[in-house]
Each structure stands twice: as C-alpha cells, then as structure tokens.
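What follows is each chain in one-letter form.
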Amino acid sequence: MLETICEVLEDAYKRNWITSRDGNVSIRHHDRDHFYITPSGVRKQTLQPDQFKKIKIVSSLHWQEEVYTDISSNLKPSGEIPLHFGLQKKC
C-alpha cells in the first residue's frame with residue numbers, strides 16, 4: 001500500500017495537483033494499532049515507502065513514533081500529525 005501511495009503522490013505532482021511539499025498522507029495499518037504518515041521535508045515526487053513514519057496509537061489521546069526503517073528513523077513525521085492522528089484513531 002505504501003508503494004501505491006508513493007505512485008499516487010508522484011502522479012499528483014506531475015499533474016500539478018500538489019507542490020513538492022503538499023499532500024501529506026496517512027494510512028491505518030490493518031492491525032488497527034498503528035498508522036503510517038509521510039515524513040516532513042521529503043519531496044512528495046521522490047517519496048519512497050521506506051521513508052514513511054510509523055505511529056503507534058497508544059490511546060485515544062496519545063501516540064508514539066515507532067521504528068519502521070533505518071531511513072525513516074532519521075526523518076520527522078509530518079507537522080500535521082495531530083490532525084492525522086485524530087482522523088486515524090476514528091477509523
């Protein structure tokens with residue numbers, strides 16, 4: 001699924017629907033315990049699946065970053081994480 005998101009973001013950029021820094025995306029994992037979110041500062045047209053940040057849903061009020069890949073561990077999650085957390089915990 002993360003590969004598909006990267007392809008969609010690249011296509012949206014090519015169509016001028018988003019700029020290189022627009023289009024933050026998150027997706028809930030099927031186990032419902034965590035979700036993935038695009039990192040801050042990475043151009044959406046070059047985003048790779050191993051750059052996503054993994055966010056554990058600890059409770060209805062708290063989340064925590066988890067290690068997903070070595071590459072993503074050096075990146076920060078989107079600044080919109082509170083918004084995405086609010087959306088994802090309701091899904």
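Structural data are supplied above this passage.
Anyway, here's the lowdown on the structure attached to this text. As the structure is a prediction and not an experimental result, all values here were calculated from the model. (Residues numbered from 1 in each chain as written. Predicted model: local features only at pLDDT ≥ 70, side-chain atom pairs only at ≥ 80, totals over all residues. Heavy atoms only, no water.)

Right, let's talk about the sheet that holds strand β1 (residues 26–28) for a bit. Ordered by their spatial adjacency, four strands build an open sheet running β1-β2-β3-β4, and the pairing between neighbours is antiparallel. Strands at the two margins of the open sheet, each flanked by one partner only, are β1 and β4 (63–66). Adjacent strand axes in the sheet meet at a mean angle of 30° when their direction is disregarded. In terms of strand pairing, strand β3 (residues 53–57) meets β4 through four bridges, oriented antiparallel. Bridging from a neighbouring strand, K54 pairs with E66 of β4. (Pairing = 2+ DSSP bridges. Helix = DSSP H or I, 4+ residues; strand = E, 2+ residues; numbered from the N terminus. Axes fitted to C-alpha atoms, helices over the stretch in contact; angles between N-to-C directions.)

Turning next to helix α1 (residues 2–14). With 13 residues, α1 should reach 18 Å at 1.5 Å per residue; the first-to-last C-alpha distance of 19 Å fits that figure. In this structure, the buried residues of α1 make contact with β1 and β2 (34–37). N16 sits one or two positions beyond α1 and adopts a positive phi of about 65°. (Expected span 1.5 Å × (residues − 1). Contact = heavy atoms within 4.5 Å.)

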